[in-house]
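Spelled out from the first residue to the last, the chains are:
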Amino acid sequence: MKRYVAIMFLIASATSCLGQSLFFNGLVGSKWFSVSCLTKAEIERNKEIELRRLYFSADSLKTDATIWIFDERLTVVYRDRENKKDDTIITCIYEADKDKGNLKLTYNGKTVIYKVGINSSGNYVLLIRKRK
């Protein structure tokens, strides 16, 4: 029984690490979305933010959404599905620390750090705000 538990733990650990690697390795140039329409204040204070990888056009979204665009900077936009219009919520500097599994956002003298929780496929991320 102990051997079975140890094997399951090793498989779960390897799967988790693979998923995190997929997020961090492909971060620059990627787009993610949340069906929660977030404001700047909510990004700062929410304990958790769920993101899904956006592989298709934002025009295909069935609901309004918040889209996170990772390039040299992170741009978070509110996507109005009906009008097909984007409004920028925030543009900030981000730092992805693959070793610690953290995503750090810095803007207007404020810093927010999230622990990145991810599934094995790398298509779903749960950002968990860390306390300072």
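Residues numbered from 1 in each chain as written. Predicted model: local features only at pLDDT ≥ 70, side-chain atom pairs only at ≥ 80, totals over all residues. Heavy atoms only, no water.

Novice: I'd like a rundown of the overall build of the protein chain, residues and numbers included.
Specialist: Counting its regular elements, the protein chain contains two helices and eight strands. The secondary structure elements of the protein chain, listed N-terminal to C-terminal, are α-β-α-β-β-β-β-β-β-β. Relative to its 132 residues, the protein chain shows a buried fraction of 33%. Nonlocal contacts in the protein chain, meaning residues at least 24 apart in sequence, comprise 46% of its contacts between residues at least 6 apart. A total accessible area of about 8200 Å² is found for the protein chain, and carbon and sulfur atoms account for 52% of it. (Helix = DSSP H or I, 4+ residues; strand = E, 2+ residues; numbered from the N terminus. Buried < 20%, exposed > 50% of the residue type's maximum accessible area, 1.4 Å probe, protein only. Contact = heavy atoms within 4.5 Å. Areas by Shrake-Rupley, 256 points an atom, 1.4 Å probe, with all protein chains shown as cover.)

Novice: Residues and numbers for the pairing of strand β8 (residues 124-129), please.
Specialist: Across five bridges, the pairing between strand β2 (residues 48-53) and β8 is antiparallel. The residue bridging L51 from the neighbouring strand is V125, located in β8. Judged from the five bridges that link them, strand β7 (residues 110-118) and β8 form a sheet pairing that is antiparallel. Bridge pairing in β8 links K115 to I128. (Pairing = 2+ DSSP bridges.)

Novice: Could you give me a rundown of the side chain of N102, with the residues and numbers involved?
Specialist: When you line up the elements, N102 lands in strand β6 (residues 102-107). The exposure class assigned to N102 is buried, which follows from its relative accessible area of 10%. For N102, the contacting residues outside a window of four places in its chain are F24, E95, A96, D97, I113, Y114, K115, V116 and K130.

Novice: Please provide a residue-by-residue account of the nonpolar core, values included.
Specialist: Of all hydrophobic cores here, the largest spans 25 residues; its most connected members are I43, W68, L105 and L127. Discounting residues that sit within four places of it in the chain, W68 has contacts with S30, K31, W32, L38, I43, I49, L51, L74, T75, V76, L105 and L127. Listed in part, the six residues of the second largest apolar core include F33, L54, L61 and V77. (Core = buried A, V, L, I, M, F, W, Y, C linked by side-chain atoms within 4.5 Å.)

Novice: Now, about the sheet that holds β7: what can you tell me, with residues and values included?
Specialist: Taken in spatial order, the eight strands line up as β1-β2-β8-β7-β6-β5-β4-β3 and close into a barrel, and their pairing is antiparallel. In this sheet, adjacent strand axes meet at a mean angle of 35° when their direction is disregarded. (Axes fitted to C-alpha atoms, helices over the stretch in contact; angles between N-to-C directions.)

Novice: Please set out the environment of Y78 residue by residue, giving values where relevant.
Specialist: Following the sequence through the fold, Y78 ends up in strand β4 (residues 74-80). Residue classification places Y78 among the partly exposed positions, given a relative accessible area of 24%. Sequence separation of Y78 and L38 is 40 residues, and the distance between their C-alpha atoms is 7.6 Å. Leaving out residues up to four positions away in the same chain, Y78 has contacts with C37, D64, A65, K85, D86, D87 and I89. A distance of 2.7 Å separates a polar atom in the side chain of Y78 from a polar atom in the side chain of D64. (Polar contact = N/O pair within 3.5 Å; in protein donor to acceptor, adjacent residues only side chain to side chain.)

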